[in-house]
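One-letter residues, chain by chain:
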Amino acid sequence: MDLLLYYHPLASFCHKVLIALYEQGNEFRGELVEPGNPASREPLLDIWPVGKMPVLHDVGRGVAVPESSIIIEYLDRHHPGDAALVPADPDIARETRLWDRFFDLYVQQPMQKFVLDRLRGEHERDPRGVAEAAATLDTAYDMLEAQLEGRAWAACDRFTLADCAAAPALFYAGIVRPFPPGHHNLARYFERLMARSSVRHTYDEARPYFHLFPYRDAMPEHLLAPEGR
Ligand SMILES: N[C@@H](CCC(=O)N[C@@H](CS)C(=O)NCC(=O)O)C(=O)O
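Source: prediction; values computed, not measured. (Residues numbered from 1 in each chain as written. Predicted model: local features only at pLDDT ≥ 70, side-chain atom pairs only at ≥ 80, totals over all residues. Heavy atoms only, no water.)

Engineer: Honestly, the state of the cysteines in this entry has me stumped. Any pointers?
Structural biologist: Two cysteines whose sulfur atoms are joined by a covalent bond form what is called a disulfide. Overall, the coordinates contain 0 disulfides when judged by the stated rule. Cys 164 provides the cysteine sulfur closest to Cys 156, a residue in no disulfide bond, and the two sulfurs are 12 Å apart. On the basis of relative accessibility, which here comes to 12%, the residue Cys 156 falls in the buried class. (Disulfide = S-S within 2.5 Å. Buried < 20%, exposed > 50% of the residue type's maximum accessible area, 1.4 Å probe, protein only.)

Engineer: Is there a simple way to explain the site of the ligand in this structure?
Structural biologist: Surveying the vicinity of the ligand reveals the residues Ala 11, Ser 12, Phe 13, Arg 41, Gly 51, Lys 52, Met 53, Pro 54, Glu 67, Ser 68 and Gln 112. Take Glu 67: an N or O atom from its side chain is 2.7 Å from a nitrogen atom of the ligand. Within the contact set of the ligand, an oxygen atom lies 3.3 Å away from a side-chain nitrogen or oxygen of Gln 112. When the free accessible area of the ligand is taken as 520 Å², the share hidden by the protein chains comes to 76%. Looking at side-chain class alone, the shell around the ligand contains 4 nonpolar, 4 polar and 3 charged residues. (Near = heavy atom within 4 Å. Polar contact = N/O pair within 3.5 Å; in protein donor to acceptor, adjacent residues only side chain to side chain. Areas by Shrake-Rupley, 256 points an atom, 1.4 Å probe, with all protein chains shown as cover. Nonpolar A, V, L, I, M, F, W, Y, C, P; charged D, E, K, R; others polar.)

Engineer: Is there a simple way to explain the pairing of strand E2 (residues 29–32) in this structure?
Structural biologist: A regular strand places its side chains so that they alternate between the two faces of the sheet. Where strand E1 (residues 3–7) meets E2, 4 bridges bridge the pair, whose relative direction is parallel. Looking at E2, one finds that Leu 5 is bridged to Gly 30. A crossover connection joins E1 to the parallel E2 through helix H1 (residues 12–24); in handedness this β-α-β unit is right-handed. (Pairing = 2+ DSSP bridges. Helix = DSSP H or I, 4+ residues; strand = E, 2+ residues; numbered from the N terminus. Right-handed = clockwise from strand over helix to strand, strands pointing away.)

Engineer: Quick question: what am I supposed to make of the packing of H1 against helix H8 (residues 197–206) here?
Structural biologist: A pair of packed helices is characterised by two quantities: the angle between their axes and the separation of those axes. Contact geometry for H1 and H8: axes closest at 8 Å, N-to-C directions at 130°. In terms of axis orientation, H1 runs oblique to H8. Note that H1 runs across H8; the crossing there is right-handed. Of the residues in H8, those touching H1 at His 15, Leu 18, Ile 19, Tyr 22 and Glu 23 are Ser 198, Val 199, His 201, Thr 202, Tyr 203, Glu 205 and Ala 206. A per-class count over the contact of H1 with H8 returns 6 nonpolar, 4 polar and 2 charged. (Axes fitted to C-alpha atoms, helices over the stretch in contact; angles between N-to-C directions. Parallel < 35°, antiparallel > 145°, perpendicular 65-115°, else oblique. Left-handed = near helix turned anticlockwise from the far one by under 90°. Contact = heavy atoms within 4.5 Å.)

Engineer: Which parts of the structure should I look at to understand helix H3 (residues 68–78)?
Structural biologist: Every α-helical turn comprises 3.6 residues, leaving residues that sit three or four positions apart pointing alike. Listed as buried for H3 are Ser 68, Ser 69, Ile 71, Ile 72, Tyr 74, Leu 75 and Asp 76. Summarising the contacts, the buried residues of H3 are in contact with E1, H1, strand E3 (55–58), strand E4 (63–66), helix H4 (90–119) and helix H6 (161–176).

Engineer: Sorry if this is basic, but what is going on with the domain arrangement of the protein chain here?
Structural biologist: Size of an interface: often given as the accessible area lost when the parts come together. Here the protein chain is described as being made up of domain 1 (3–78) and domain 2 (90–224). Computed from C-alpha atoms alone, the centre-to-centre distance between domain 1 and domain 2 is 20 Å. Taken together, the 16 residues of domain 1 in the interface contact 26 residues of domain 2. Contact between domain 1 and domain 2 buries roughly 1,800 Å² in total, counting both sides, with carbon and sulfur atoms accounting for 65%. Counting the surface domain 1 buries against domain 2, the share from its top three residues, Leu 10, Ile 19 and Tyr 22, is 33%. On the surface where domain 1 and domain 2 come into contact, there are 4 salt bridges. Linking Lys 16 and Asp 104 is a salt bridge whose minimum nitrogen-to-oxygen distance equals 2.9 Å. (Domains from an automatic or database assignment. Buried area = accessible area lost by both parts, 1.4 Å probe. Salt bridge = Lys/Arg side-chain N within 4 Å of Asp/Glu carboxyl O.)

Here it is in structure tokens:
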């Protein structure tokens, strides 16, 4: 198997790349990195000492690629599927990259603030930082409600890198900070994402690990046990 992915099945930035791999139909081998198991982290740290997942190792080409967006761009170029996840048109590609950045920086990162804060001891918590993260998410939800007016997907008329970033960002963000009730475009977009087969596959694999998620108590039933399965 030429493609190895250092990952954890519960990690949202890993979900982003898994969704891309499933969209493209790429075969790969997952190398499990467990945060509490230093030995499992060593190969990842050798490649990328900051220790963040995911990292892709393309054994055939002898290339290691960190950072989820860069990995997806790399796969698009060297192991593409039928439809490019970064469209060829330069203006549409720019929009795609913009919304990819948006989901990583203004949805995933504030969501991570909530999650990491809950993992800390009582005396190490940062209520002000969490309140700032909540305000960022509220602004992001408002911006998305406007952006998604009359659109099926985040950046253009088809599924792209931006939607790979959106699915895991909104999956966990919607649990720690539920979408406002009147945000129907956002709610319908999230439903469309969750119905996509690459996304369903990713969460079917993550589901056995949900008990490790510190907001497990706040997860809605339909995410824990989707209808019909
Ligand atoms: N900018 C990075 C962010 C990656 C990231 O934050 N990964 C988290 C998992 S979702 C991680 O590795 N956490 C473990 C750690 O920080 O030790 C990307 O896009 O890949």
